[in-house]
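# Per-entry structural report
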Amino acid sequence: MSMFDLTGRVALVTGANTGIGQAIAVALAAAGADIAAAGRTPAEETVAKVKALGRRAEIISADFGSIEPVQRVVDETIEKLGGVDILVNNAGIIRRADSVDFTEADWDAVIDTNLKTTFFLCQAAGRHMIANGGGKIINIASMLTFQGGIRVPSYTASKSGVGGLTKLLANEWAAKGVNVNAIAPGYVSTNNTTALREDADRNKSILDRIPAGRWADADDMGGAAVFLASKAADYVHGHILAVDGGWLAR
């Protein structure tokens, strides 16, 4: 059996309806995992792609703007698919404005979704994993886990927090059989980055810095997710894996 084989594993992926979440869900399914696709928008296309690969898939409706649905989402995944072996915390939002104008509402919305809910999903899934012999948690970080960015103060704070949480949970749970790691995507062509790609000056300045010479496709994140979810990463704990076309190396 391949060390990347995920047959018999159940992966809960948040924000799986489009973009990075969809690409990761499909990649995990291609490696053999069954998928619970959780989020505000029903991930019907993702579920169809997963089922086309011969895997089981369930849509779980949840608005991750608060922690209210967290325990239900984990319980529903266990009920419908038999467990939670892999958690991918992908659901996230972004708000842009100059820091001098940034509102409390935009601060709270982003922190609540990207950081608070991420932690409590880790907690709920982690309790199940620890009680059942282990599991893999993959948080979605960002280039702004390492850098400051501009005009996205709450996003930068949240993704810096995700990096710290990933390390903290690894410290607590590594010896309990739970691997907690993160993927930090570079600049990916998704709905979240439409504004950047449509700004000719910003688009050029970004492309000029990426050694690979292109924006990432969401599919570029799939292999990293399969690796971190698999037996191949059993001794990888608290790592933030940049999948960035060389951006941080420039």
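Residues numbered from 1 in each chain as written. Predicted model: local features only at pLDDT ≥ 70, side-chain atom pairs only at ≥ 80, totals over all residues. Heavy atoms only, no water.

Convention followed: UniProt positions are given in the numbering used here, feature names are shortened, and annotations may be inferred rather than shown by experiment.
The name an unreviewed UniProt entry assigns to the chain is 2-dehydro-3-deoxy-D-gluconate 5-dehydrogenase KduD, from the organism Sphingomonas crocodyli. Annotation of the chain in UniProt includes, under Sequence similarities (unreviewed entry), the sentence "Belongs to the short-chain dehydrogenases/reductases (SDR) family."

### A few points about the sheet that holds strand E1 (residues 10-14)
Condition: Here a strand pair is declared whenever DSSP counts at least two bridges between the two strands. The numbering of helices and of strands both runs from the N terminus, where a helix is a DSSP run of H or I of at least 4 residues and a strand a run of E of at least 2. Axis angles are defined between N-to-C directions and span 0 to 180 degrees, where every axis is a line fitted to C-alpha atoms and, for a helix, only to the segment in contact. We call two residues contacting when some pair of their heavy atoms lies within 4.5 Å.
The seven strands are arranged E3-E2-E1-E4-E5-E6-E7 in an open sheet whose pairing can be described as parallel. The sheet is open, and its two edges are formed by strand E3 (57-61) and strand E7 (240-243), each paired on a single side. Taken pair by pair, the neighbouring strands of this sheet meet at an average axis angle of 20°, ignoring direction. One ladder, built from five bridges, connects E1 with strand E2 (residues 34-39); its direction is parallel. Each bridged residue has a counterpart across the sheet, and for Val10 the counterpart in E2 is Asp34. Relative to the sheet, helix H2 (residues 44-52) contacts E2 and E3, its axis offset from that of E3 by approximately 165°.

### Section: helix H3 (residues 70-81)
We apply this condition: Helix span, expected: 1.5 Å multiplied by one less than the number of residues in the helix. Only protein chains enter the accessibility calculation, which uses a 1.4 Å probe; a residue whose area is less than 20% of its type maximum is buried, one above 50% is exposed, and one in between is partly exposed. This arc describes the spread of directions from the helix axis toward the C-beta atoms.
The end-to-end C-alpha separation of H3 is 17 Å, in line with the 16 Å expected for twelve residues at 1.5 Å each. Within H3, burial applies to Val70, Val73, Val74, Glu76, Thr77 and Leu81. Along the axis of H3, the buried positions cluster into a sector of 165°, meaning they face one direction only. Taken together, the buried residues of H3 touch E1, E2, E3 and helix H4 (104-131). In the stretch just after H3, Gly82 is the one whose phi turns positive, near 95°.

### Re the pattern of salt bridges
Defined as follows: Within this document, salt bridges are pairs made up of a side-chain nitrogen of Lys or Arg and a carboxyl oxygen of Asp or Glu, the two lying within 4 Å of each other.
Within this structure, the stated rule accounts for twelve salt bridges. Here Asp98 ties to Arg151 by a salt bridge, and the two come within 2.7 Å at their closest N and O atoms. Within this pair, whereas Asp98 is found in the loop between strand E4 (86-89) and H4, its partner Arg151 is found in the loop between strand E5 (135-140) and helix H5 (153-173), the two being separated by 53 residues in sequence. Judged by relative accessible area, Asp98 falls into the partly exposed class, the value being 35%. Assessed through its relative accessible area of 39%, Arg151 is described here as partly exposed. We note a salt bridge from Asp220 to Arg214, for which the minimum N-O separation is 3.0 Å.

### A closer look at the nonpolar core
Buried together is how nonpolar side chains tend to be arranged in soluble globular proteins. Rules: Nine residue types can take part in a nonpolar core, namely buried Ala, Val, Leu, Ile, Met, Phe, Trp, Tyr and Cys, and a core is a set of them joined through side-chain atoms within 4.5 Å.
If you look at the biggest cluster of nonpolar residues, it comprises 35 residues, and the most contacted ones within it are Val13, Ile24, Leu28, Ile35, Val88, Ile183 and Met221. When contributions to this core are tallied by element, the ones reaching two or more residues are E1, helix H1 (19-30), E2, H2, E4, E5 and helix H8 (222-229). In this view, Ile24 contacts Val88, Ile140, Met221 and Ala225; residues no more than four positions away in its chain are not counted.

### Observations concerning the side chain of Asn114
Rules: Residues adjacent in sequence count toward polar contacts only when both atoms are side-chain atoms; beyond that, a polar contact is any pair of N or O atoms within 3.5 Å, and within protein one must be able to donate a hydrogen and the other to accept it.
Structurally, Asn114 is set in helix H4. Within the local environment of Asn114, its side chain forms a polar contact with the backbone nitrogen of Ile93, the two atoms lying 2.9 Å apart.

### Concerning the packing of H1 against H2
Applicable threshold: Between 65 and 115 degrees an angle is taken as roughly perpendicular, under 35 as roughly parallel, over 145 as roughly antiparallel, and anywhere else as oblique. Crossings are assigned a handedness: left-handed for a near helix turned anticlockwise from the far helix by less than a right angle, right-handed for a clockwise turn. Here the nonpolar group is Ala, Val, Leu, Ile, Met, Phe, Trp, Tyr, Cys and Pro; Asp, Glu, Lys and Arg are the charged ones; every other residue, Gly included, is treated as polar.
Running from amino to carboxyl end, H1 crosses H2 at an angle of 15°, the nearest separation of the two axes being 9 Å. With respect to their mutual orientation, H1 and H2 come out roughly parallel. Viewed along their axes, H1 and H2 form a crossing whose handedness is right-handed. Contacts between H1 and H2 pair Gln22, Ala25, Val26 and Ala29 from the former with Glu45, Thr46, Lys49 and Val50 from the latter. Among the residues forming the contact of H1 with H2, the class breakdown is four nonpolar, two polar and two charged.

### Notes on H1
In this model H1 runs 17 Å from its N-terminal to its C-terminal C-alpha over twelve residues, within 8% of the 16 Å that 1.5 Å per residue would give. The element H1 is extensively covered by neighbouring structure, given that ten of its twelve residues are classed as buried. In the stretch just after H1, Gly32 is the one whose phi turns positive, near 120°.

### A short note on the packing of aromatic side chains
Rules: Aromatic rings from Phe, Tyr and Trp, taking only the six-membered ring of Trp, are treated as a pair when their centres fall within 6.5 Å; an angle between ring planes under 30 degrees marks them as stacked, one over 60 as edge-to-face, and anything in between as tilted. Criterion for a charge above a ring: Arg CZ or Lys NZ at most 6 Å from the ring centre, at most 35 degrees from the ring normal.
Throughout the structure, instances matching the rule amount to three aromatic pairs. With a centroid separation of 5.6 Å and an interplanar angle of 80°, the aromatic rings of Tyr187 and Trp215 are classed as edge-to-face. Here the residue Tyr187 occupies a position in the loop between strand E6 (178-185) and helix H6 (194-198), and Trp215 occupies one in the loop between helix H7 (200-209) and H8, the gap between them amounting to 28 residues. Each of the two residues, Tyr187 as well as Trp215, counts as buried. By way of ring pairs, the aromatic residues Tyr187, Trp215 and Trp247 are connected into one cluster. Over the aromatic face of Trp215 sits the side chain of Arg197, whose NZ or CZ is 5.8 Å from the ring centroid. Positioned above the aromatic ring of Trp247 is the side chain of Arg209, whose terminal nitrogen or guanidinium carbon lies 4.3 Å from the ring centre.

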